[in-house]
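Chains, contacts and geometry: an overview
Chain residues, written in single-letter form:
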Amino acid sequence: MPGIVIDGRELEAEGGQTVMQVALAHDIPIPAFCWHPALSIAGNCRVCMVEVEGRGLALACNLPIYDGLKVHTDTEAVRNQRKLTLQFLTLNHPVDCGICDKAGECLLQDYHYAHNGSPSTSIDPKVHATKHYSLGSRIVLDNERCILCSRCVRFTREVSGSNVLGIKHRGDTSLVRPAEGRSLDDDPYSDNVIDICPVGALLSRAFLHQSRVWYLTTTPSVCPGCARGCTIDVWHRKPEWRLQAVATHRNHTIARVTPHENPAVNGPWICNKGRDLAALVERPRALEPMVKGEVVAMDQALEAARQAIAGAQRPLALVSSWGSNEELDAFKEHLAPRFSCAVKEDHRQQPNEPGDDHLLLRADKNPNTTRARALFGETPAAVPEGTDLVLVWGEGFDFDTIPDGVATIVLGAFDAPENGLAAVFVPLSIHTERAGHFTNFEGVVSAFAPCFPPPATVADAETVFPQLAPQGATS
């Protein structure tokens, strides 16, 4: 195990590491634009220069360690080189931080203040480039902000494998562009390039000019879009920055979704479907309990459901594969003894939607099938002959397969025609309104937390199930 010295600190490192990796592992900051821990080394931004005793300046990202190596990260030569590099990188940059979505989380902004801090020394006019060049339906590129670090190009080659992006031309006419006849719409992971762009050149159309990031906060959550269960950060308005007069709906809606790095599940990435969580959970809600289509109080709905369950001779429960571990456990304890149970798919793979792939996507579009089937088995979600009551928890079941005359109890969160046709309908909270856990297809358990309070008229499934259990039915 080679020993090296950085800034006078004797550090142990692993063979094959670079100075950048060792420094960051020991909380020694070194600026970097093009370097990213999950991508190959490009070494083109030149801002990570360090001084090696006996050798002079060298790139920390591309310098392999060896025993006895002595490195300094903050000498006059290093500081001067970083300042010159930042002067060069901002030579043609529009410095439009006031209207840039990246402001507040921009490495160029941070490094300029930390390592330069001076106005441009150039007296020549800036070279203008394309503004808002379309890379597809989700992303636009501001070439004037681009510093050609090539992170986005390497992502499409090395991670997503789409090979959509490249760099054309040379020198100060170089441009990031899609391959001929292609766009980032061909890449189901394209939005990751927005995250890894260090300067705000790659912009999300959905988030463009919607909010300054310092008005937002994050809540750790789990993407329910497939059985991978990627961990995510859900961004939403900070309470202290609540809108008071206009667009107040933004106080309780999702602003954006980004990956929450998790080596056990998704690493630093998520797919585009995970980014579109708002479209999934902010559909029209079902907010009123009903008995035979008539709106009633929650207590009345629960009592009617309890009586129907107690009086049924052959009741069937179709269990949601979107239920949390806690909800599934509650159903198992309080209601499973009374029902024949089968797990259903709440969501299915849609036409043209990717199935299993080499990176993250899974064909099973439900977050907790593994836990649900571990508790309730592999019985097909169908209605056997002789069934006199069907409890449907969640979405995705074809109600036309239920024989005429069979009563239904529906527990769901979203507006649907079958809600009003059920003997009893109970409105439930969604996973951005409560805490819980999902178990992914590999058995990894991940937690999610509430982003918003639930509407007053809905209930958490975990608290509903004990109230539906006939006396003595709990296992």
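What comes next is a walk through the structure. (Residues numbered from 1 in each chain as written. Predicted model: local features only at pLDDT ≥ 70, side-chain atom pairs only at ≥ 80, totals over all residues. Heavy atoms only, no water.)

Within the protein chain one finds 12 helices and 22 strands. A principal-axis box enclosing the C-alpha atoms of the protein chain has dimensions of 85 × 55 × 45 Å. Counting contacts in the protein chain only where the partners sit at least 6 residues apart, residues at least 24 apart contribute 65% of the total. Per element, the accessible surface of the protein chain, about 21900 Å² overall, is 51% carbon and sulfur. Across the protein chain, the mean location of the 43 positive side-chain charges is 5 Å away from that of the 57 negative side-chain charges. (Helix = DSSP H or I, 4+ residues; strand = E, 2+ residues; numbered from the N terminus. Contact = heavy atoms within 4.5 Å. Areas by Shrake-Rupley, 256 points an atom, 1.4 Å probe, with all protein chains shown as cover. Lys, Arg positive; Asp, Glu negative; His and termini not counted. Charge placed at Lys NZ, Arg CZ, Asp CG, Glu CD.)

Strand order across the open sheet formed by 3 strands is β11-β12-β13, with antiparallel pairing between neighbours. Across the chains shown, the open sheet's two edge strands, defined by having one partner strand only, are β11 (216-222) and β13 (256-259). Direction aside, neighbouring strands of the sheet carry axes that sit 30° apart on average. By the bridge criterion, 4 bridges tie strand β12 (residues 231-237) to β13 in an arrangement that is antiparallel. Looking at the pairing, Trp 235 lines up with Arg 256 of β13. (Pairing = 2+ DSSP bridges. Axes fitted to C-alpha atoms, helices over the stretch in contact; angles between N-to-C directions.)

Moving on to the packing of helix α9 (residues 325-334) against helix α12 (residues 461-468). Remark: α9 packs on α12, axes separated minimally by 8 Å, with the N-to-C direction vectors making an angle of 5°. With respect to α12, the element α9 is oriented roughly parallel. Across the interface between the two elements, Glu 326, Glu 327, Ala 330, Phe 331 and His 334 of α9 pack against Ala 461, Glu 462, Phe 465 and Pro 466 of α12. Considered class by class, the residues forming the contact of α9 with α12 number 5 nonpolar, 1 polar and 3 charged. (Parallel < 35°, antiparallel > 145°, perpendicular 65-115°, else oblique. Nonpolar A, V, L, I, M, F, W, Y, C, P; charged D, E, K, R; others polar.)

Moving on to the pairing of strand β4 (residues 56-59). Inspection of the sheet shows strand β3 (residues 49-52) paired to β4 by 4 bridges, in the antiparallel sense. Within the sheet, the bridge partner assigned to Val 50 lies in β4 and is Ala 58. Where β3 folds back onto β4 in an antiparallel hairpin, the turn is made up of 3 residues, including Gly 54, whose phi is positive at roughly 85°.

As a further point, take unusual backbone geometry. In this structure, Val 95 takes a positive phi of about 50° despite not being glycine. Topologically, Val 95 is positioned in the loop between α2 (76-89) and α3 (107-115). A positive phi is found at Leu 148, a non-glycine position, where the angle reads about 60°. Among the secondary structure elements, Leu 148 is positioned in the loop between β7 (139-141) and α4 (151-158).

Let us look at the nonpolar core. Phe 33, Phe 155, Leu 165, Leu 202, Ile 254 and Leu 277 are the most contacted members of the largest nonpolar core, which has 54 residues in total. Broken down by secondary-structure element, the contributors of at least two residues to this core are α2, α3, β7, α4, α5 (192-196), β12 and α7 (277-281). When residues in this core are grouped by element, the largest group, 4 residues, is from α7. Excluding residues that lie within four positions of it along the chain, Leu 165 makes contacts with Leu 135, Cys 152, Val 153, Thr 156, Arg 157, Val 176, Arg 177, Pro 178 and Leu 184. In this structure, Ala 312, Leu 389, Ala 461 and Phe 465 belong to the second largest nonpolar core, which totals 34 residues. (Core = buried A, V, L, I, M, F, W, Y, C linked by side-chain atoms within 4.5 Å. Buried < 20%, exposed > 50% of the residue type's maximum accessible area, 1.4 Å probe, protein only.)

This next bit is on the pairing of strand β20 (residues 424-427). Burial of the side chains of β20 extends over both faces: Val 424 and Val 426 are buried on one face and Phe 425 and Pro 427 on the other. Looking at chain direction, strand β14 (residues 290-291) and β20 are connected through 2 bridges and run antiparallel. Counted as the bridge partner of Met 290 is Phe 425 from β20. In terms of strand pairing, strand β19 (residues 407-412) meets β20 through 4 bridges, oriented parallel. Paired with Gly 412 across the bridge in β20 is Pro 427.

Within the span of α3, buried status applies to Leu 108, Gln 109 and Tyr 111. The secondary structure elements touched by the buried residues of α3 are α2.

The next point concerns the packing of aromatic side chains. In total, this model carries 11 aromatic pairs according to the counting rule given. Judged by centre distance (5.0 Å) and plane angle (65°), the ring pair of Phe 33 and Tyr 111 falls under edge-to-face. Of this pair, Phe 33 sits in the loop between α1 (19-25) and β3 while Tyr 111 sits in helix α3, placing them 78 residues apart in sequence. The class of Phe 33 is buried, set by a relative accessible area of 0%. Residue classification places Tyr 111 among the buried residues on the basis of a relative accessible area of 14%. Cluster of aromatic residues (ring-pair linked, three or more members): Phe 331, Phe 339, Phe 376, Trp 393 and Phe 465. Between the NZ or CZ atom of Arg 177 and the centre of the ring of Tyr 133, over which it lies, the distance is 3.6 Å. (Phe/Tyr/Trp six-rings, centres within 6.5 Å; stacked < 30°, edge-to-face > 60°. Lys NZ or Arg CZ within 6 Å of the ring centre and 35° of its normal.)

With that out of the way, let us pick up the sheet that holds strand β10 (residues 202-204). An order of β6-β7-β10 is seen for the 3 strands of this open sheet, with the pairing classed as antiparallel. Bordering the open sheet on either side are β6 (133-134) and β10, each of which pairs with just one other strand. When β7 meets β10, the two strands line up antiparallel, connected through 3 bridges. Counted as the bridge partner of Ile 139 is Ser 204 from β10.

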